[in-house]
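Each chain is listed here by its residues.
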Amino acid sequence: MAAVNTTVAPTGTPPSRGDRAGRRPALRRDGRYASVFLTPSLGGLALFTLFPTAMALGISLFDWPVFGERTFQGFGNYSHLLHDPVFRRVVLNTVLFVVLYVPLNVVVSLGLAVWLGPQIRGRQVFRVLFFIPVMTPMVANVMVWRLLFQPGGLIDGGLQSWFGIDAPNFLGSSNWAMPAIVAMSIWQGFGYNFLVFSAAIDQVPQSQLESAQIDGAGPLQRFRYITWPMITPSMFFATTMTLITSFQVFAQPFILTQGGPGVATQTIVMYVYNQGWQFLQMGLASAAGWVLFVIIMGITAIQFVGQKRWVNYDV
Amino acid sequence: MSETSVVARRVRSSVSHVLLIVVAIAFLGPLVYAVSTSLKPADEVFTPTPHLFGSEIRWKNYADAFTFAPFGRYFLNSLLVAVAGTLVVVAASSMSAYAFARLKFRGREQLFVLFLGTLMVPQEVLIVPMYWLMQALGWVDSYWALILPWAFTAFGTFLLRQFFLTIPAELEEAARVDGCGPFGTFLRIMLPLARPAIAVLTVFTFISFWGSFLWPLIIINSVEDKGTVPLGLAQFVGQQGTQWNLMMAASIMAMLPTVLLVVLLQKHLVRGLLVTGLGGR
């Protein structure tokens, strides 16, 4: 992988004491130290990740109000979700967001990364620039865009005074709210994949591209036959990560539209939040969270199975 | 190469650069608009024709934001939580990274796979049981709840382990010969050598604590007292008569530390991708 080395490097400790006799005591002594070194992380992960993951599954099988009696439900919460028109809509909204956001994000970030190849002066400036909204607090970014989309805000005002067009009320319209959320999210997030792709494109040898050009290959052919095969591992990394994070979209609709109008832009995570902390139905919230987890696991599995067809690790 | 093709190439390159500047300006538009709004008087935020500048440049908005809402408190809370959380992350993950990279013990590979496996669980699955756990510990609405639950992720361990593996073993050998035990080696050899990787982990962890929103929203009830900056900003959503100029001033101030860190760390952004992409809790 060119951009980020996520492959697990061999764990073998560099050979220290080669004599066989010294190995066993070393293993035992190291083992004692290892338990000390590992305790904080292991304890923390066990208490704050492993245990809650199992607990989430347990809670999802109960009618679990924040206050009051808990009763075992079996798969009652899951069948409730299946029949809840709001939850169905919420899943559809999330899928719609993903379907719009992921391809657009990849096209924009890859397009810009190819454009901003080594021949462009000051490309480091662009990398830093595009990465800024990735790192700034999401809520602050969304606040800016809320003002931007506001009737009388920059987009509305600009369209009216420069083009004489009445802008729709983006955040209040069921047609425009989702595209507005997607647009904001692209602006905020594409810098991440842009950096991933740029780092990968840097690894493509210029000499190969130049000799292909001398042989008469056009820009598209050069991209297709030289650049693309070399960046497929990064492509795989970027699409997988973007898919996972986009299913978890929360702050953008929460602040831009509060899920509205109606439930037109409510997402799965918003549903989890609403069930848990507005309606205080922890069982239902936990079940919805697990549905999201299963969706994410499924998508990741499909990605990993599908990669054999198009990801090239040999170059 | 003929002269015309050289000229054609120059022209294409200039056009490309000019277009890129246009793209950059469009990209920066929202931020410029935010800064411009943050410096306008309240009654000039919405004007029929957009203006870059209001009738005056009101720097006072930035001070007013702190009296309009307790942003001073929010900033202190965010700073406390982000610094404490980052310390825990760096300490815990450097220790376990050392164990995975250098110590030999039974079940090491299996344990490491388990570590990486925890990365798959999204935060949204954990929040419900985590809230219940916080209730059980009596930590609802506390700094503990803001700091500890998300301070044990496998990212730091993974990142630092990969770096430790690149450090030549001879250095440790020498230390061992001089009578340094694993703790001494870890503290005096490995940690100083891993400074670049630790810097990356520190900055990106700090930033992820600084921007975290969903969990504080759930666990903090007394926003005026324990609220963080994102929580403070979100308080105003949907309020009647939002003071947009003050809100933009506060948003810009919330962004500034992270912008500064990104610019300072620009050479290491690529390495931070992993922490950011997967560790955004």
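Every value quoted in this text rests on a predicted model; they were computed, and no experiment measured them.

1. Side note on the domain arrangement of chain B
All names here are of chain B.
- Its domain assignment divides chain B into domain 1 (3-60) and domain 2 (71-279).
- The centre of domain 1, based on its C-alpha atoms, is set 35 Å off from the matching centre of domain 2.
- If you look at the interface, domain 1 gives 7 residues, while domain 2 gives 7 residues.
- Of the residues assigned to the side of domain 1 that touches domain 2, the class counts are 4 nonpolar, 2 polar and 1 charged.

2. Considering the interface of chain B and chain A
- Residue-level contacts link 77 residues of chain B with 79 residues of chain A.
- Broken down by element, the side of chain B that touches chain A gets its largest block of residues, 10 residues, from helix α14 (residues 244-264) of chain B.
- Its residues placed into classes, the side of chain B that touches chain A shows 55 nonpolar, 15 polar and 7 charged.

3. Some points on the UniProt feature "transmembrane region" (unreviewed entry) in chain A
Residue and element names in this part refer to chain A.
- Here the UniProt-annotated "transmembrane region" (unreviewed entry) positions come out as residues 33-62, 90-116, 128-148, 176-201, 230-251 and 279-302.
- What you have in residues 90-116 is 96% helix and 0% strand, and the ends, taken at the C-alpha atoms, are 38 Å apart.
- For residues 279-302, the helix share is 88%, the strand share is 0%, and the end-to-end C-alpha distance is 34 Å.

4. Re the domain arrangement of chain A
- Assigned domains of chain A: these are domain 1 (20-59) and domain 2 (76-310).
- Each of domain 1 of chain A and domain 2 of chain A has a C-alpha centre, and the two are 36 Å apart.

5. A closer look at helix α7 (residues 154-164) of chain B
- In terms of burial, α7(B) is largely enclosed, as 11 of its 11 residues are buried.
- Those residues of α7(B) that sit buried are B:Ala154, B:Phe155, B:Gly156, B:Thr157, B:Phe158, B:Leu159, B:Leu160, B:Arg161, B:Gln162, B:Phe163 and B:Phe164.

Definitions and limits used
Residues numbered from 1 in each chain as written. Chains lettered and ligands numbered in written order. Predicted model: local features only at pLDDT ≥ 70, side-chain atom pairs only at ≥ 80, totals over all residues. Domains from an automatic or database assignment. Contact = placed C-beta atoms within 7 Å. Nonpolar A, V, L, I, M, F, W, Y, C, P; charged D, E, K, R; others polar. Helix = DSSP H or I, 4+ residues; strand = E, 2+ residues; numbered from the N terminus. UniProt positions renumbered as here; feature names shortened; annotations may be inferred. Buried ≥ 20, exposed ≤ 12 C-beta atoms within 10 Å, placed from the backbone.

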